[in-house]
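Summary of structural features
Listed here are the chains, written in short residue letters.
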Amino acid sequence: SYMYRCSGIFIEAIMFEKPIICLSNWISDYFFQKLGNIGYKCTNIQELKKIIFRINSMWKNTNEYNEQKENIKLSKYLFSDPDLFLSRLFSTQDH
């Protein structure tokens, strides 16, 4: 049976410093827990649609966007150094 999975687009969004919009699964839950506010995690397609409309109507809200960008920049740095990334990813401390 098909299961939603985290694709390469997740890492690409981080590399291009773009907030992530995704469906919740164990991988995305783990990354959001470890990396902080890096975008929007939705539980179903209806919530995903609502979030996209919300973002479209509030795109001038730069506080949330700036927070996400800063967390993504840190994540990008972590992904660029495998040792640092693995130590942060498997640490017991959350973001």
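Scoring rules and cut-offs
Residues numbered from 1 in each chain as written. Predicted model: local features only at pLDDT ≥ 70, side-chain atom pairs only at ≥ 80, totals over all residues. Heavy atoms only, no water. Helix = DSSP H or I, 4+ residues; strand = E, 2+ residues; numbered from the N terminus. Expected span 1.5 Å × (residues − 1). Polar contact = N/O pair within 3.5 Å; in protein donor to acceptor, adjacent residues only side chain to side chain. Pairing = 2+ DSSP bridges. Right-handed = clockwise from strand over helix to strand, strands pointing away. Core = buried A, V, L, I, M, F, W, Y, C linked by side-chain atoms within 4.5 Å. Buried < 20%, exposed > 50% of the residue type's maximum accessible area, 1.4 Å probe, protein only. Contact = heavy atoms within 4.5 Å. Arc of directions from axis to C-beta.

For the rest of this paragraph, the subject is helix α3 (residues 45-57). Taking 1.5 Å of rise per residue, the 13 residues of α3 would be expected to cover 18 Å, and the 19 Å separating its terminal C-alpha atoms lies within 8% of that figure. Of the residues flanking the start of α3, the one acting as N-cap is Asn-44, its side-chain oxygen 3.1 Å from the backbone nitrogen of Gln-46.

With that out of the way, let us pick up the pairing of strand β2 (residues 39-42). Remark: a regular strand shows side chains that alternate across the two faces of the sheet. As paired elements, strand β1 (residues 20-23) and β2 share 4 bridges and run parallel to each other. Bridging across to β2, Ile-21 finds its partner in Tyr-40. In this view, the connection linking β1 to its parallel neighbour β2 by way of helix α2 (residues 26-35) has right-handed handedness.

A general feature of soluble globular proteins is that nonpolar side chains tend to end up buried together. Of all hydrophobic cores here, the largest spans 12 residues; its members are Phe-10, Ala-13, Ile-14, Ile-20, Cys-22, Phe-31, Phe-32, Leu-35, Ile-38, Ile-72, Leu-78 and Phe-79. Listed by contribution, the elements that provide at least two residues to this core are α1 (8-15), β1, α2 and α4 (62-80).

Turning our attention to the side chain of Gln-68. Within the secondary structure, Gln-68 sits in helix α4. Only 3.3 Å separates the side chain of Gln-68 from the side chain of Asn-37, close enough to count as a polar contact. Excluding residues that lie within four positions of it along the chain, Gln-68 makes contacts with Pro-19, Asn-37, Ile-38, Gly-39 and Tyr-40.

With that out of the way, let us pick up the side chain of Glu-64. In this structure, Glu-64 sits in helix α4. The exposure class assigned to Glu-64 is buried, which follows from its relative accessible area of 19%. Here Glu-64 is in contact with Asn-37, Tyr-40, Arg-54 and Met-58, once residues within four sequence places are set aside.

Before going further, it helps to examine α1. The complete set of buried residues in α1 reads Phe-10, Ala-13 and Ile-14. One side of α1 holds all its buried residues, which, seen down the axis, span an arc of 100°. Residues of α1 that are buried in the fold lie against β1, α2 and α4. Once α1 ends, the next one or two residues include Glu-17, with phi positive near 55°.

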